[in-house]
Amino acid sequence: MNKKENKFQYIYEKEIFTEAYDFFFQDSNIFIGAGPCSLESEAQIFQTAELLLSNNISYIRCFPYKIRSDPYSFQGLQTEGIPIIKKLKQKYPKLKIISEVYSQEQFHSLEGITDIFQIGTRFMYHRELIELLGKKNSPCILKRGFQATVSEWLLSSEYYLARGGRKIILCERGIRTFESSVRNSFDITSILSVREQSKIPVIIDPSHILGKTSGIEAISKAALIAGYNGLLIETHPIPLQALSDKKQQLTFEQFKLFLNFLK
Ligand code: PEP
Ligand code: MN
């Protein structure tokens, strides 16, 4: 990579994001992606698929690999989830499947199966993986590192763009501060800082910001008013029985009410 005068070469170019807008905004001009924290079973993800499609949403969270802070907690179905994802795709071809990957090996195991690859907050600095996604022009949701500045987050997206990737969307999921009453602190001004420099699409993940379901409507509405381009929401058929993030996943009923609220 050659360095020009500016730190950034790509994020300033408005036209560079045309492909990203075309890809991620097929349902509406507000991106909505939703689904469970972890893929747990065929029944769970098929029920979620029905919920989303009946509400005209085609971007579904379906994570077989689950990065956890606690090594003794559920780590996802891992490769056992892959046949379920294939079935999901076969049964609901309209869906665009989002999965998080945090190694090149995981990416290759889902290449051609999953439609969108999420880089989670802990891996915003995983340069090799981000460059690989860029090289393949694989659709990517790049979350903000919980300790990263906006500038570092944008530089991370440059690794993807510099390798030729064009289908990228950023996701603000809160940063770590001394405040502990919510899971993460929502840095609502990040959209203003990004927009000073770039047209890159940016969404928020209110579920991981809050760590609970209450307040999700207000935070989401505030984000959309501030200029974010969409939302990534956790929903589960029976949140209390979820194998990860029980407290922050909406029931399907709550999810439908939430969509009505947004309208
Ligand atoms: C997730 O989306 O499931 C997740 C773990 O998010 P984050 O990387 O933002 O913590
Ligand atoms: Mn989660």
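All figures in this text were calculated on a predicted structure; none of them were measured in a lab.

(A) Spatial organisation of the site of ligand 1. In the vicinity of ligand 1, the contacting residues are Arg-61, Phe-63, Lys-66, Glu-100, Gln-118, Gly-120, Thr-121, Arg-122, Lys-143, Arg-173 and His-208. Contact distances for ligand 1 include 2.8 Å between an oxygen atom and a side-chain N or O atom of Arg-61. Summarising the interface, the protein chains cover 98% of the accessible area of ligand 1, which totals 290 Å² for the free molecule. Looking at the shell around ligand 1, its residues break down into one nonpolar, four polar and six charged.

(B) Structural context of the nonpolar core. Within the largest apolar cluster, 67 residues are counted, with the highest numbers of intra-cluster contacts made by Leu-88, Leu-142 and Phe-255. In terms of residues, this core owes the most to one element, helix α6 (residues 150–162), which gives six residues. The residues touching Phe-255, leaving out its near neighbours within four places in the chain, are Ala-34, Leu-51, Leu-52, Ile-57, Ile-233, Thr-235 and Leu-250. One finds Phe-24, Phe-25, Tyr-59 and Ile-98 within the second-largest nonpolar core, a separate group that totals 13 residues.

(C) Here's a closer look at the pattern of salt bridges. Using the criterion set out here, one finds twelve salt bridges in the structure. Here Glu-19 and Lys-167 are joined by a salt bridge, their closest N and O atoms 3.8 Å apart. One end of the pair, Glu-19, is in helix α1 (residues 18–24); the other, Lys-167, is in the loop between α6 and β6 (168–172), with 148 residues separating them in the sequence. Taking the relative accessible area as the measure of exposure, Glu-19 reaches 33% and is therefore partly exposed. Linking Asp-205 and Lys-143 is a salt bridge whose minimum nitrogen-to-oxygen distance equals 2.7 Å. Within this pair, whereas Asp-205 is found in the loop between β7 (202–204) and α8 (206–210), its partner Lys-143 is found in strand β5 (residues 140–143), the two being separated by 62 residues in sequence. As far as the burial class goes, Asp-205 and Lys-143 line up, both buried. One network of salt bridges, with partners in common, ties together Arg-127, Glu-131 and Arg-163.

The rules behind each value
Residues numbered from 1 in each chain as written. Chains lettered and ligands numbered in written order. Predicted model: local features only at pLDDT ≥ 70, side-chain atom pairs only at ≥ 80, totals over all residues. Heavy atoms only, no water. Near = heavy atom within 4 Å. Polar contact = N/O pair within 3.5 Å; in protein donor to acceptor, adjacent residues only side chain to side chain. Areas by Shrake-Rupley, 256 points an atom, 1.4 Å probe, with all protein chains shown as cover. Nonpolar A, V, L, I, M, F, W, Y, C, P; charged D, E, K, R; others polar. Core = buried A, V, L, I, M, F, W, Y, C linked by side-chain atoms within 4.5 Å. Buried < 20%, exposed > 50% of the residue type's maximum accessible area, 1.4 Å probe, protein only. Helix = DSSP H or I, 4+ residues; strand = E, 2+ residues; numbered from the N terminus. Contact = heavy atoms within 4.5 Å. Salt bridge = Lys/Arg side-chain N within 4 Å of Asp/Glu carboxyl O.

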